[in-house]
Amino acid sequence: MKSLLSVSLLLILLLCSSCCPTKGYRKCGEAKLISSPLPAMLGQSAGLEKFNMKIDFMKKHFSGMLIVKQMREKEYRVVFTSHFGLSIFDFTFTDRDFTVNHCLEALNKEKIITIFKNDFRLLFLLNLTPETEATRYCGKDGEGKHLFRIWTSGVEGYYFEEGDPVRLSRILAGKGFGKTEIVCVRTEQAMRESIVVRHPRIGLRIELENM
Amino acid sequence: MKTKYTLATLLCFVVCGVAFGKMVKIDPAAGFNQRLATEAARTRSIRSDFKQVKYLEVFSEKIDSKGIFYFKKDDKIRLEYTTPLDYLIVINGQKLKIVSDGKTNVVNLGSNAMMKEIKGMLAACMTGDLTRMTGSYDMVYFEDADSYLVSIKPRSKNVQAYLQEIHIYLEKKNMSVRKLRLQENATDYTEYQFTNTTYNTLTSDEKFIIR
């Protein structure tokens, strides 16, 4: 009985430690998050950016071209077209507004648009406001590894930065069905960098590969 | 009244002249339909290189793709994209297969009336066999010394949501499709240019198999 209790406690400890995003980090201050020192994962180029956007949902795979342009400061236009050429959606967004310029009827549903809205804001604008305050954590085993723990609209978010030069490598945000994980992946084979957006609760995976 | 009518007619010709260069409007019953039917009856298969250009007004940018187009009577089509990435579309009867990023999706188009109509329309336009068009359209015909141009406007509001107008340019010498433009709205379009076309060289259905 005693050993069963120990095993259970160990298991709980193990689970808690493995799921805690701050594991491997120590608290090292407070920070006010503005666009610097946290550059967004995408949209840093002044010109047109093209991505092969792969969507996996309900065991179906779909891909097309995502074309992105920063129209003015903190305003982006994203157009998604099939490789065959037909436009699927066209959105304009800032940190405050989101406009659907065009969207195929099958996708033009509130829940779907909300997913795209949140994902694009996280990817291009980090979904932060100038007032966002964060607790800063430093990596225990390496310089340049930082984690920012923030609260936005009552929801916790974790922004990880690392590397040389230091850059954002991972974001954990939202809760419940809105839980989102964004990871920067470098595939050695293709020598290309891609961004993977996962929505574990709804089984949706979106990958953006530079073209 | 007569002057008004003449002016309106003149204006109409001017507008058409501006829209389609030096092409003049023709009556398809006066030879065009007969020639098209004769050439279509002779064609058992087509193989052609294609260059696809997607134009988006908002970015003032053209996005190029390239590949190989195959057609085999009666209803088999294969679009093999090679640039900027590998992407494959196969239509065989009511089935559509898409292969992207090494993953295959098969869709039955028979269950969706609108998709079925779009498929029929695109197949007819890419092969130049307009006698195969299903659904209802408004068609206007033009010609110059070397080419015919057929302007097609779908009447269905549902189809118009995808395609506002289609322009097909056919070579007069053999009625082959030289250029196809899918106009999504007043400014955005996808254009396909077909070159190195060969006829009746495909002997098997291998390229069109959908499993």
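Residues numbered from 1 in each chain as written. Chains lettered and ligands numbered in written order. Predicted model: local features only at pLDDT ≥ 70, side-chain atom pairs only at ≥ 80, totals over all residues. Heavy atoms only, no water.

The next subject is the overall build of chain B. Within chain B, the regular secondary structure consists of four helices and twelve strands. For chain B, with 211 residues in total, the buried portion stands at 46%. For chain B, the accessible surface area stands at approximately 11,100 Å², while carbon and sulfur atoms represent 52% of it. (Helix = DSSP H or I, 4+ residues; strand = E, 2+ residues; numbered from the N terminus. Buried < 20%, exposed > 50% of the residue type's maximum accessible area, 1.4 Å probe, protein only. Areas by Shrake-Rupley, 256 points an atom, 1.4 Å probe, with all protein chains shown as cover.)

Before going further, it helps to spend a moment on the overall build of chain A. The helix and strand inventory of chain A stands at two helices and 13 strands. Split into buried and exposed, the 211 residues of chain A put 44% on the buried side. On chain A, roughly 11,800 Å² of surface is accessible, and the fraction owed to carbon and sulfur atoms is 56%.

This part is about unusual backbone geometry. All names here are of chain B. The omega torsion of the bond from K73 to D74 falls at 5°, within 30 degrees of zero and hence cis. Mapped onto the elements of the fold, D74 is located in the loop between β3 (61–72) and β4 (76–83). Looking along the chain, the bond that leaves T83 and enters P84 is cis, with omega of 5°. The phi dihedral of S60 falls on the positive side, at around 45°, and the residue is not glycine. Within the secondary structure layout, S60 lies in the loop between β2 (45–56) and β3. Judged by relative accessible area, which is 55%, S60 ranks as exposed.

Our next topic: the interface of chain B and chain A. Chain B puts 27 residues into the contact, and the matching count from chain A is 24 residues. Taking both sides of the interface into account, the surface hidden between chain B and chain A amounts to around 2,300 Å²; carbon and sulfur atoms contribute 64%. Of all residues in chain B, F59(B), D101(B) and N105(B) give up the largest surface area on contact with chain A, accounting jointly for 24% of the area buried on that side. Inspection of the region where chain B meets chain A yields two salt bridges. (Contact = heavy atoms within 4.5 Å. Buried area = accessible area lost by both parts, 1.4 Å probe. Salt bridge = Lys/Arg side-chain N within 4 Å of Asp/Glu carboxyl O.)

Let us now look at the confidence of the model for chain B. Residues and elements named next belong to chain B. When pLDDT is averaged along chain B, the result is 86; 89% of the residues meet or exceed 70. Ranking the elements of chain B by mean pLDDT puts helix α1 (residues 2–19) last with 45 and β2 first with 96. This stretch, residues 5–18, has a pLDDT under 50; its non-local contacts, to residues over four places away or in other chains, come to two contacts. In the predicted assembly, ipTM is 0.81 and pTM is 0.82. (pLDDT = per-residue confidence, 0-100.)

Residues and elements named next belong to chain A. Structurally, the position occupied by P200 is in the loop between β12 (192–199) and β13 (204–210). The exposure class assigned to P200 is exposed, which follows from its relative accessible area of 52%. Put simply, P200 and V185 are 15 residues apart on the chain and 17 Å apart in space, counted from C-alpha to C-alpha.

Let us now look at helix α2 (residues 32–42) of chain B. Residues and elements named next belong to chain B. For α2, the complete set of buried residues consists of F32, L36, E39 and A40. One side of α2 holds all its buried residues, which, seen down the axis, span an arc of 100°. Turned more than 90 degrees away from the buried face of α2, the exposed residues are Q34, A41 and R42. (Arc of directions from axis to C-beta.)

Before going further, it helps to spend a moment on the sheet that holds strand β12 (residues 189–199) of chain B. Residue and element names in this part refer to chain B. Sheet architecture is open: twelve strands sit in the order β1-β8-β9-β10-β11-β12-β2-β3-β4-β5-β6-β7, paired in antiparallel fashion. The strands lining the two open edges of the sheet, one partner per strand, are β1 (24–26) and β7 (103–108). For this sheet, the mean angle separating the axes of adjacent strands, direction not counted, is 20°. The pairing of strand β9 (residues 147–154) with strand β10 (residues 165–171) spans six bridges and is antiparallel. Paired with I152 across the strands is I166, a residue of β10. (Pairing = 2+ DSSP bridges. Axes fitted to C-alpha atoms, helices over the stretch in contact; angles between N-to-C directions.)

To continue, consider the packing of aromatic side chains. Overall, the coordinates contain 22 aromatic pairs over all chains when judged by the stated rule. The interplanar angle of 45° and the centroid separation of 6.2 Å between the aromatic rings of F120(A) and F124(A) together place this pair among those described as tilted. Remark: F124(A) and F120(A) occur in helix α2 (residues 110–125); sequence separation between them is four residues, near one turn of the helix. An aromatic cluster is present here, built from F62(A), Y76(A), F80(A), F89(A), F91(A), F93(A), F98(A), F116(A), F120(A) and F124(A) joined pairwise through their rings. Sitting over the ring of Y169(B), K179(B) keeps its end group 4.6 Å from the ring centre. R181(B) extends its terminal NZ or CZ atom over the ring of Y189(B), reaching a point 3.7 Å from the ring centre. (Phe/Tyr/Trp six-rings, centres within 6.5 Å; stacked < 30°, edge-to-face > 60°. Lys NZ or Arg CZ within 6 Å of the ring centre and 35° of its normal.)

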